[in-house]
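# Summary of structural features
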Amino acid sequence: MRRLAPLSLALLCCGLAPAEEAPPAAAEQPPATHQEAARQLIILLSDTEECLASCVDKDSVQAALPRFRELAARAVALKAAQSRLPDPTTQDYMLDQAQIKAFSTFWEAVNKHIERLDKAKLITPELREILHLAPEGS
């Protein structure tokens, strides 16, 4: 069974990574190393946090949907690219550990925004589907 570097494993759990494959965003080249994959994941989480922060009412959530779709496509592409990397080495694990703090910071911020939007009843069915959130009331 293939072992995954810690941040790579987090990508598999990332709510923005649906099962189907999508082409990588034109601006992002597929990662050649686990460290590049981790860096791209942190950038993806940062961009997601920024997009969620812009959602303050129903109109802004609706306006952000195309951006959320683009972020989801980037997550799919990154997940697919990471799966093609060789098994991580001990050095990969150690280098990934250096990025855990940044990952944790953005992951926590994303979750706080989702909680805020959920509490304000601003998560539409379409946004719930894009973000792969549990059905309402679960």
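Owing to the predicted nature of the structure, the values given are computational and were not obtained by experimental measurement. Sequence order sets the numbering: in each chain, residues are counted from 1 along the sequence as written. Confidence filtering applies because this is a predicted model: local features only for residues at pLDDT of at least 70, side-chain atom pairs given and counted only at 80 or more, and all residues used for totals across whole chains, interfaces and linings. Calculation of side-chain values draws on the structure's entire complement of heavy atoms; hydrogens and water are dropped beforehand.

Time to look at the side chain of Arg-74. Secondary structure elements are taken from DSSP: a helix is a run of H or I of four residues or more, a strand is a run of E of two residues or more, and numbering for both begins at the N terminus. Mapping Arg-74 onto the fold places it in helix H3 (residues 58-83). Of note is the side chain of Arg-74, whose polar atom sits 2.8 Å from the side chain of Asp-47. We call two N or O atoms a polar contact when they sit within 3.5 Å, provided that within protein one can donate a hydrogen and the other can accept it, with sequence-adjacent residues counted only if both atoms are side-chain atoms.

Here we come to the nonpolar core. One finds Leu-52, Phe-68 and Leu-127 to be the most contacted residues of the largest nonpolar core, which totals 26 residues. Mapped by element, the contributors of at least two residues to this core are helix H2 (34-53), H3, helix H5 (100-119) and helix H6 (125-131). By the convention used here, residues are in contact when the closest approach between their heavy atoms is within 4.5 Å. With residues up to four places along the chain from it excluded, the contact list for Phe-68 reads Cys-51, Leu-52, Cys-55, Leu-127, Ile-130 and Leu-131. Nonpolar cores are built from buried Ala, Val, Leu, Ile, Met, Phe, Trp, Tyr and Cys residues. Side-chain atoms within 4.5 Å join them into one set. Burial here depends on accessible area, computed with a 1.4 Å probe over protein chains only, as a share of the maximum for the residue type. Under 20% is buried, over 50% is exposed, and the range in between is partly exposed.

What follows concerns the packing of aromatic side chains. A pair of Phe, Tyr and Trp rings is counted when the ring centres sit within 6.5 Å of each other, with Trp represented by its six-membered ring. The angle between the planes then sorts it: under 30 degrees is stacked, over 60 is edge-to-face, the rest tilted. Tallying each qualifying case throughout the model produces one aromatic pair. Their ring planes at 20° and their centres at 5.6 Å tell us that Phe-103 and Trp-107 sit as a pair that is stacked. Highlighted residues: Phe-103 and Trp-107, both in helix H5, separated by four residues, approximately one helical turn. The exposure class assigned to Phe-103 is buried, which follows from its relative accessible area of 11%. We classify Trp-107 as partly exposed; its relative accessible area is 28%.

Axis geometry follows a simple rule: fit a line to the C-alpha atoms, using only the stretch in contact for helices, then measure angles between N-to-C directions, giving values from 0 to 180 degrees. Look at H2 against helix H4 (residues 90-97): their axes get within 9 Å of each other, and the N-to-C directions meet at 25°. Regarding the angle of H2 to H4, the classification is roughly parallel. H4 is crossed by H2, and the crossing has right-handed handedness. Here H2 contributes His-34, Gln-35 and Ala-38 to the contact with H4, which in turn contributes Gln-91, Asp-92, Leu-95 and Asp-96. All residues other than Ala, Val, Leu, Ile, Met, Phe, Trp, Tyr, Cys, Pro, Asp, Glu, Lys and Arg, Gly among them, are scored as polar; the first ten of these are nonpolar and the last four charged. Residues belonging to the contact of H2 with H4 are distributed by class as follows: two nonpolar, three polar and two charged. Oblique is the label for any angle not under 35 degrees, not over 145, and not in the 65 to 115 range, which are roughly parallel, roughly antiparallel and roughly perpendicular in turn. Each crossing gets its hand from how the near helix is turned against the far one by less than a right angle, where anticlockwise is left-handed and clockwise is right-handed.

What follows covers the pattern of salt bridges. In the sections that follow, a salt bridge refers to a side-chain nitrogen of Lys or Arg positioned within 4 Å of a carboxyl oxygen of Asp or Glu. Inspection of the entire model under this criterion finds seven salt bridges. Two residues, Glu-126 and Arg-69, come together in a salt bridge whose shortest N-O distance is 2.2 Å. Separated by 57 residues along the polypeptide, Glu-126 in helix H6 and Arg-69 in helix H3 bring together distant segments of the chain. The class for Glu-126 is partly exposed, based on a relative accessible area of 34%. Look at Arg-69 and you get partly exposed, because its relative accessible area is 38%. One salt bridge in this structure joins Arg-128 and Asp-118, with 3.6 Å as the shortest N-O distance. Pair noted here: Arg-128 is in helix H6 and Asp-118 is in helix H5, with a separation of ten residues, a long-range link.

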